Amino acid sequence: NAGVTQTPKFQVLKTGQSMTLQCAQDMNHEYMSWYRQDPGMGLRLIHYSVGAGITDQGEVPNGYNVSRSTTEDFPLRLLSAAPSQTSVYFCASSTTGFNEKLFFGSGTQLSVL
Amino acid sequence: AQSVTQPDIHITVSEGASLELRCNYSYGATPYLFWYVQSPGQGLQLLLKYFSGDTLVQGIKGFEAEFKRSQSSFNLRKPSVHWSDAAEYFCAVLTDYKLSFGAGTTVTVRA
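Residues numbered from 1 in each chain as written. Chains lettered and ligands numbered in written order. Predicted model: local features only at pLDDT ≥ 70, side-chain atom pairs only at ≥ 80, totals over all residues. Heavy atoms only, no water.

Moving on, we come to the overall build of chain A. Looking only at helices and strands, chain A has zero helices and 11 strands in total. From first element to last, N terminus to C terminus, chain A shows the α and β order β-β-β-β-β-β-β-β-β-β-β. Taking 2.2 N^0.38 as the reference for a compact globule, 113 residues should give roughly 13 Å; the C-alpha atoms of chain A span a radius of gyration of 13 Å, in line with that estimate. Principal axes of the C-alpha set define a box for chain A whose edges measure 40 × 30 × 25 Å. Here chain A holds 113 residues, and the buried ones make up 49% of them. For chain A, contacts bridging at least 24 residues in sequence account for 54% of all contacts bridging at least 6. When the accessible surface of chain A is totalled, it reaches about 5100 Å², and 51% of it is carbon and sulfur. Distance between charge centroids for chain A: 11 Å, based on 7 positive and 8 negative side chains. (Helix = DSSP H or I, 4+ residues; strand = E, 2+ residues; numbered from the N terminus. Rg over C-alpha atoms; globule rule 2.2 N^0.38 Å. Buried < 20%, exposed > 50% of the residue type's maximum accessible area, 1.4 Å probe, protein only. Contact = heavy atoms within 4.5 Å. Areas by Shrake-Rupley, 256 points an atom, 1.4 Å probe, with all protein chains shown as cover. Lys, Arg positive; Asp, Glu negative; His and termini not counted. Charge placed at Lys NZ, Arg CZ, Asp CG, Glu CD.)

Structural data, given as structure tokens:
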């Protein structure tokens, strides 16, 4: 049972480049979400999804796009990377009722130069 | 909108001493509350959660937390700290499918 898998673990981009952070879970969880973690600011919710075909914005959605075509996958897209997007990104999943804990991936460390 | 405040950025405690981490939230109704721990270079691990019922909840690794509605608080405690408890701790509140985290408290354990 792999849980929540994020790829890549590390990425360096130049300003203006685009990329997709991948997130997959094999627990049949309806709820998936993306957070960014910055020093002194905790984790901030970027986007979330309560099921395939349904997404919504979190606290800091600007500059990021998501889609949820399947239950398993929830990719995060940066269309034009900016230095302000340098951060550690975590994907997480849970059952919609949150009666289980939120399962976190191991994180992606992104640097935008 | 809900928010979570962790007033202490950094706490240093001696091994074997007690630990209390503060968490305050602002939300109109009773929220779902969580405490997570993150060791250096690791993801987040759930310590405990409060949904309803008994206001004193027990978690893993000997941690407990008490929900106090009158104070809008959900403080985390451990009677005797071990060196392995050195980590960053996050309080979180869940409302409307959105999990909001506090800024975190870093715990240093000295021998």
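Opposite charge on two side chains permits them to pair, given that their charged atoms come into close proximity. Summed over the entire model, instances satisfying the criterion amount to six salt bridges over all chains. Across the pair Arg-36 of chain A and Asp-38 of chain A runs a salt bridge, and its minimum N-O distance is 2.9 Å. Assigned by exposure class, Arg-36 of chain A and Asp-38 of chain A land together as buried. The partner of Asp-85 of chain B in a salt bridge is Lys-78 of chain B, with the nearest N and O atoms 2.8 Å apart. The buried category is assigned to Asp-85 of chain B, whose relative accessible area is 4%. By relative accessible area, Lys-78 of chain B is classed as buried at 11%. (Salt bridge = Lys/Arg side-chain N within 4 Å of Asp/Glu carboxyl O.)

Before going further, it helps to examine the layout of surface pockets. Approximately 440 Å³ is the volume found for the largest pocket. If you trace the largest pocket, you find 26 residues lining it, with Gln-37 and Val-88 of chain A together with Gln-38, Gly-41 and Gln-42 of chain B closest to the centre. Of all the elements in the fold, those that place two or more residues in the lining of the largest pocket are strand E4 (31-38), strand E9 (87-94) and strand E11 (108-112) of chain A together with strand E10 (87-95) and strand E12 (105-110) of chain B. Here the element with the most residues in the lining of the largest pocket is E10 of chain B; it accounts for three residues. Class assignment for the residues of the lining of the largest pocket results in 10 nonpolar, 13 polar and three charged. (1 Å grid on protein atoms, 1.4 Å probe; cavity = no way out; pocket = protein on both sides within 12 Å on 5 of 7 lines; lining within 4 Å. Points joined across faces, edges and corners; volume = space filled by probe spheres on them. Nonpolar A, V, L, I, M, F, W, Y, C, P; charged D, E, K, R; others polar.)

Right, let's talk about the state of the cysteines for a bit. Residue and element names in this part refer to chain B. Taken as a whole, this structure holds two disulfides over all chains when the rule is applied. What pairs with Cys-23 in a disulfide is Cys-91, and their sulfur atoms sit 1.9 Å apart. Between Cys-23 and Cys-91, the S-S torsion sits near -65 degrees, and that sign places the bridge as left-handed. With Cys-23 in the loop between strand E3 (19-21) and strand E4 (24-26) and Cys-91 in strand E10, the pair connects residues that are 68 residues apart, well separated along the chain. (Disulfide = S-S within 2.5 Å.)

What follows concerns the side chain of Gln-85 of chain A. One can find Gln-85 of chain A in the loop between strand E8 (76-78) and E9. Beyond its immediate stretch of four places on either side in the chain, Gln-85 of chain A contacts Arg-36, Asn-62, Gly-63, Tyr-64, Leu-78, Ser-80, Leu-110 and Val-112 of chain A.

Attention now goes to the packing of aromatic side chains. One pass over the structure, following the stated rule, counts 16 aromatic pairs over all chains. Judged by centre distance (6.1 Å) and plane angle (25 degrees), the ring pair of Tyr-25 of chain B and Phe-67 of chain B falls under stacked. You can see Tyr-25 of chain B sitting in strand E4 and its partner Phe-67 of chain B sitting in strand E8 (residues 64-68), a full 42 residues away along the chain. Each member of the pair, Tyr-25 of chain B together with Phe-67 of chain B, is buried. By the ring-pair criterion, three or more aromatic residues cluster together here, those being Tyr-35, Phe-90 and Phe-104 of chain A together with Tyr-32, Phe-34, Tyr-36, Phe-51, Phe-90 and Phe-101 of chain B. (Phe/Tyr/Trp six-rings, centres within 6.5 Å; stacked < 30°, edge-to-face > 60°.)

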